[in-house]
Amino acid sequence: MENSPLLGSDQVPHPSGGNASVNTSSFDSGATHDIASHPVGTYDDDDAESMSVNSNGRRSLWFYAFASILVAAVLGSIVAAVVLVTKNHTHPPRAVIFMVSDGCGPTSMTVARNFAQYRQSQADPTTPVSMQLPLDTMLIGSSRTRSSSSLVTDSAAGATAFSCVQKSYNGAVAVTDEIRPCGTLLEAAHVLGYRTGVVVTSRVTHATPAAFTAHVAHRDSENLIAEHQVAGATPLKFMADLVLGGGRRHFIPRDVPGSVRTDDRDLRIEAAEIFNATVVQSAAELAALPRDASSLPVLGLFSTSDMAYEVDRPTTDQPSLADMAAYALDVLGGELRDHRTPFFLMIEGSRIDHAAHDNDPAAHIYDLIMYNEVVAMVKKFVDEHPGTVVISVSDHETGGLSGGRQLTPEYPEYIWYPEVIARVSRSTFFVAADLFAYAAGSGSDAPPSEIEMRTYVLTTIENYQGVSDLTMAELDNLTTLALGGQAANQAAMMVALGEVISVRAELGWTTHGHTAADVNLYAYGGSHAATARDIMRDLAGNRENTDVGLFVRNYLGLDLASITERLLAGPLDLGGLGKAIRTAVGGQPRAGASPETALWGHN
Ligand SMILES: [Zn+2]
C-alpha cells in the first residue's frame, strides 16, 4: 500500500474535505538516526509531501522520456531518496494510545450519555439533548468480537486479538490456538525503543493488560503473568515503562497478608533490582513522582486485587483512572516532545466490565463516565501532538444491558429513569460488604437481631442506593441474605442489590456474562490529515477485532513476527490449565473465588 513516488498514490479524500496543513516545526530537530526515523509500516506521511513527490516524479518521467528512460529512472530514484530523507526529518513522531472500555456495549454508551445529560440538565436546564460524550465525537464504526473458540469471547481472547493481531481461544493470553506464544504490539514497540505502558483499574495481571505484557496458556495463571510482566521471565526480559493498576496480591510473598502467591518471592523488589523500577502503592505516592522519565519504569500497585469502582473510590487512597492516565501522558508526552520517542500506551477502563458482570448499573455507568473523562484528556493530548492516534474499543459487551425493561406481563412503558442512578452513591459490591459486616457483628458486638438487621438494611439502602421505598419482599430477602452470611450468600446478595436499582431505573440485563454483540469502535488522529485518512481507510465500518490491532501494528511500524520468533526460542513458561473451560459463566462463582474478588469470575 506504500505510495510509489512515480506511479502516484491511491489517496482517499478525508471526509472533512481538503488536506489540512500541519505545522510540524516543533518536531523538526530530531536526528535522522533517532527512533522516530524508523520506517513506519505501510502508512503514508503528510499529504502535502506525498503530493509533491508524485508531481515531481511525473514531471521527471515525462521530460526524460524524450531522451532516455534510463536517465529518468536514475533521477527519479534520486528524487525519491531525497524526499524519503526529508520525510523522516519532518514527520512528527508517532504514538498510539490504545483505550479499552472492557465490557462496554453500544447500549452502555447510550445509557451513560442519557445519565450524563440528565445530571447536567439538573445543573443547567438549557443542556441540549444533542449533548455529546467525549467518545461520541470519534465514533467511526464497530468491531466484531468473536474468538476462535466461541461466538462469545472472553477478555483474554479479545485482548489477544488486539495485541497479537490474531484470534485465539477463550482464556488465551497472547498465545495462539496451538498454545504457542505470539509477539504483542507492546513488546514489538519496546524492541524498537518506543516507550510503553499499561494503565488499568483491574489487577495488572488481569486478562487485558496481561495479553499485551505476558504469555500464558490460561488467564488464571496470574502469579506467572506477574513474573512475565516485571521479573524478566520471558525471553525478551523487559518490563513496560508503566505498569499501573491493582493486583498487588500476585506480587507479594505468601506470608504477607492478602498474598495469593505460593512462594516467597517479592516481585516488587525483583522489579526494582532487575529493571531499577520505582514502586508506588497509593494515590499520594503516584502524585509525588516527578512528571518526567526519571522514575521509569514505574510499577504502580494500588490495591490488593482490583482497584475500587469509581463510585466507591472516595473511600480509598487509590488514584482514579484519570490520575493514572494523566501521569502516563505527562511522562510519555515529555519523551515524545523532547526526544521524539514514540510510544504505545494501553489504557483500560477495566471495571466497566466487572460492574456489568455484577448487573450493577450505577457502578457501570460511573466507571464509563470516568472513562469518558480520560478520553477527553487523551483527545486533547492528540490535538497537541500531531502524529498521535487514540483508539477506543471494547473487547466485548457484558451483561446484555437494555435501556427499558418489561416489569409486568402487561405491555411495557417506553422509558428508563436516570434519576434512579443519580441517587446511588456506592456500588452493590460495597453495600453487600457493608450489610454482611453488620450482620456478622463488629468487634465484640453480638450479631444483630432480625429487627435490628431489618432496620440497618432500610437505612443502608437509603443511604447508599438512594431507595426509600423497598418492598416488603425486598426487605425480607435482603435481611435473610445478610443474616445468612457472606460465604453462603454473596452472589445472591449482589443480584438482589442490583435488582433494587435496575428495576426502579427500568434497566434490563440478560446475563451475568458476556454477549456476542458488536461493539463501538472509536478513533481520532487530530487535525493531522494523513493520520485521519489512514484511520478512515483502515478502521471505518464494521471490522474484525484483529483489524484494530493490525492498524496499530502498521501505524507504528511494528514487527510482531520477529518477536514471536524470539519468544519461541525460549525458555518461556506458559503455565498450566491449557484450554480449560472457565466455570464462572452461569451465575455461580467459580470454585475458589473469594467473595472479595471475583464474584462472577469477571472474565
Ligand atoms: Zn473483557
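Residues numbered from 1 in each chain as written. Predicted model: local features only at pLDDT ≥ 70, side-chain atom pairs only at ≥ 80, totals over all residues. Heavy atoms only, no water.

1. Some thoughts on the overall build of the protein
Part 1 of the reasoning: Per the secondary structure count, the protein includes 20 helices and 14 strands.
Part 2 of the reasoning: Counting only residues that meet the buried cut, the protein has 58% of its 603 residues in that class.
Part 3 of the reasoning: Summarising the internal contacts of the protein: among those between residues at least 6 apart in sequence, 75% fall at separations of at least 24.
Part 4 of the reasoning: Working note: accessible area of the protein is about 23100 Å², and carbon and sulfur atoms make up 56% of it. (Helix = DSSP H or I, 4+ residues; strand = E, 2+ residues; numbered from the N terminus. Buried < 20%, exposed > 50% of the residue type's maximum accessible area, 1.4 Å probe, protein only. Contact = heavy atoms within 4.5 Å. Areas by Shrake-Rupley, 256 points an atom, 1.4 Å probe, with all protein chains shown as cover.)

2. Quick look at the coordination of the zinc ion
Part 1 of the reasoning: Those protein atoms acting as donors to the zinc ion are Asp102 (OD), Asp102 (OD), Ser155 (OG), Asp395 (OD) and His396 (NE2), and they sit at 1.7 to 2.7 Å.
Part 2 of the reasoning: Mapped onto the sequence, the donors of the zinc ion take the spacing D-x52-S-x239-D-H. With serine 155 in helix α4 (residues 155–163) and aspartate 395 in the loop between β8 (388–393) and β9 (397–398), the pair connects residues that are 240 residues apart, well separated along the chain. For the pair serine 155 and aspartate 395, one class covers both residues: buried. (Donors = N, O, S within 2.8 Å, 3.2 Å for Na, K, Ca; no water.)

3. A closer look at the nonpolar core
Part 1 of the reasoning: If you look at the biggest cluster of nonpolar residues, it comprises 85 residues, and the most contacted ones within it are Ile97, Ile347 and Ile421.
Part 2 of the reasoning: Here this core gets 13 residues from one element, more than from any other, and that element is helix α12 (residues 361–384).
Part 3 of the reasoning: Domain assignment of the residues forming this core places at least three in each of domain 2 (95–401 + 512–569) and domain 3 (405–508).
Part 4 of the reasoning: The residues touching isoleucine 347, leaving out its near neighbours within four places in the chain, are Ile97, Phe98, Met99, Val100, Val199, Leu321, Ala325, Val374 and Val378.
Part 5 of the reasoning: Residues Val175, Leu236, Phe251 and Ala523 belong to the second largest nonpolar core, which totals 55 residues. (Core = buried A, V, L, I, M, F, W, Y, C linked by side-chain atoms within 4.5 Å. Domains from an automatic or database assignment.)

4. Topic: helix α15 (residues 450–465)
Part 1 of the reasoning: Taking 1.5 Å of rise per residue, the 16 residues of α15 would be expected to cover 22 Å, and the 21 Å separating its terminal C-alpha atoms lies within 8% of that figure.
Part 2 of the reasoning: Met453, Arg454, Val457, Thr460, Ile461 and Gln465 are the residues of α15 that are buried. Down the axis of α15, the buried side of the element spans an arc of 135°, and every buried residue falls inside it. The outward face of α15, more than 90 degrees from its buried face, is lined by the exposed residues Ile451 and Asn463.
Part 3 of the reasoning: Lining the buried residues of α15 we find α14 (428–439), α16 (472–484) and α17 (486–505).
Part 4 of the reasoning: Where α15 ends, the next residue or the one after it, glycine 466, has phi of about 65°, a positive value. (Expected span 1.5 Å × (residues − 1). Arc of directions from axis to C-beta.)

5. Details of the state of the cysteines
Part 1 of the reasoning: In this structure the tally under the stated criterion is 1 disulfide.
Part 2 of the reasoning: With its sulfur 2.3 Å from that of its partner, cysteine 164 forms a disulfide with cysteine 182. Disulfide cysteine 164 to cysteine 182: torsion about the S-S bond roughly 85°, handedness right-handed. With cysteine 164 in the loop between α4 and α5 (185–191) and cysteine 182 in the loop between α4 and α5, the pair connects residues that are 18 residues apart, well separated along the chain. The pair formed by cysteine 164 and cysteine 182 is uniform in burial state, with each residue classed as buried. (Disulfide = S-S within 2.5 Å.)

6. Notes on the pairing of strand β4 (residues 242–246)
Part 1 of the reasoning: With 5 of 5 residues buried, β4 lies mostly within the body of the structure.
Part 2 of the reasoning: As paired elements, strand β3 (residues 195–203) and β4 share 4 bridges and run parallel to each other. Following the sheet pairing, arginine 203 is matched in β4 by glycine 246.
Part 3 of the reasoning: For β4 and strand β6 (residues 298–301), the ladder comprises 4 bridges, and the chain directions are parallel. Pairing of leucine 244 across the sheet is with glycine 300, part of β6. (Pairing = 2+ DSSP bridges.)

7. Describing the UniProt feature "binding site: Mg(2+)" (unreviewed entry) in the protein
Part 1 of the reasoning: Here, the residues flagged by UniProt with the feature "binding site: Mg(2+)" (unreviewed entry) are Asp102, His206, Thr208 and Glu348. Over a stretch of 247 residues, the named residues converge on one spot in the fold, their C-alpha atoms separated by at most 11.4 Å.
Part 2 of the reasoning: Relative to the helices and strands, threonine 208 is located in helix α6 (residues 207–213).
Part 3 of the reasoning: Once you skip the residues sitting within four places of it in the chain, threonine 208 turns out to touch Val100, Asp102, Ser155, Ala159, Met346, Glu348 and Asp395.
Part 4 of the reasoning: When you line up the elements, glutamate 348 lands in strand β7 (residues 343–348).
Part 5 of the reasoning: Given a relative accessible area of 1%, glutamate 348 falls into the buried group. (UniProt positions renumbered as here; feature names shortened; annotations may be inferred.)

8. Focus: the UniProt feature "binding site: Zn(2+) 1" (unreviewed entry) in the protein
Part 1 of the reasoning: Listed under "binding site: Zn(2+) 1" (unreviewed entry) in the UniProt record, and renumbered for this structure, are Asp353.
Part 2 of the reasoning: Along the chain, aspartate 353 falls in helix α11 (residues 351–357).
Part 3 of the reasoning: For aspartate 353, a relative accessible area of 0% gives the class buried.

9. A word on the sheet that holds strand β1 (residues 95–100)
Part 1 of the reasoning: Reading across the sheet, the 10 strands line up as β5-β6-β4-β3-β7-β1-β8-β13-β2-β14 and stay open at both edges, with mixed pairing between neighbours. Both edges of this open sheet fall to β5 (278–280) and β14 (541–544), since each of them pairs with a single strand only. Taken pair by pair, the neighbouring strands of this sheet meet at an average axis angle of 15°, ignoring direction.
Part 2 of the reasoning: Contacting β2 (139–144), β8, β13 (519–524) and β14, helix α18 (residues 529–539) crosses the sheet at an angle of about 75° to β14. (Axes fitted to C-alpha atoms, helices over the stretch in contact; angles between N-to-C directions.)

10. Digging into the pattern of salt bridges
Part 1 of the reasoning: Per the stated rule, a full pass over the model turns up 23 salt bridges.
Part 2 of the reasoning: A salt bridge links glutamate 474 to arginine 504, with the nearest nitrogen and oxygen atoms 2.8 Å apart. Of this pair, glutamate 474 sits in helix α16 while arginine 504 is found in helix α17, placing the two residues 30 residues apart along the sequence.
Part 3 of the reasoning: Between arginine 537 and aspartate 538 there is a salt bridge, with the nearest N and O atoms lying 3.1 Å from each other.
Part 4 of the reasoning: In this structure arginine 537 comes out as buried when scored by relative accessible area, which is 18%.
Part 5 of the reasoning: Each of Glu227, Arg261, Asp263, Arg265 and Glu270 takes part in a single network of salt bridges with overlapping partners. (Salt bridge = Lys/Arg side-chain N within 4 Å of Asp/Glu carboxyl O.)

11. Overview of the packing of aromatic side chains
Part 1 of the reasoning: Taken as a whole, this structure holds 10 aromatic pairs when the rule is applied.
Part 2 of the reasoning: Counting every residue linked through ring pairs, the aromatic cluster contains Phe98, Phe162, Phe212 and Phe344.
Part 3 of the reasoning: For arginine 351, the ring lying beneath its charged end belongs to tyrosine 309, and the centroid distance is 4.0 Å.
Part 4 of the reasoning: Between arginine 426 and the ring centre of phenylalanine 430, over which it is positioned, the NZ or CZ distance is 5.2 Å. (Phe/Tyr/Trp six-rings, centres within 6.5 Å; stacked < 30°, edge-to-face > 60°. Lys NZ or Arg CZ within 6 Å of the ring centre and 35° of its normal.)

12. Observations regarding the confidence of the model for the protein
Part 1 of the reasoning: Summary statistics for the protein give a mean pLDDT of 86 and a share of 81% for residues scoring 70 or more.
Part 2 of the reasoning: Low pLDDT, under 50, characterises residues 1–66; the predicted model gives this stretch 113 contacts beyond four residues in sequence or across chains. (pLDDT = per-residue confidence, 0-100.)

13. Some details on the environment of aspartate 395
Part 1 of the reasoning: Residue aspartate 395 is classed as buried on the basis of its relative accessible area of 2%.
Part 2 of the reasoning: Remark: the alpha-carbon pair of aspartate 395 and arginine 144, spanning 251 residues in sequence, is separated by 8.7 Å.
Part 3 of the reasoning: What aspartate 395 contacts, discounting residues up to four positions off in sequence, is Val100, Asp102, Gly103, Thr145, Thr153, Ser155, Gly158, Phe162 and Thr208.
Part 4 of the reasoning: Polar contacts involving the side chain of aspartate 395 include one to the side chain of histidine 396, which spans 3.2 Å. (Polar contact = N/O pair within 3.5 Å; in protein donor to acceptor, adjacent residues only side chain to side chain.)

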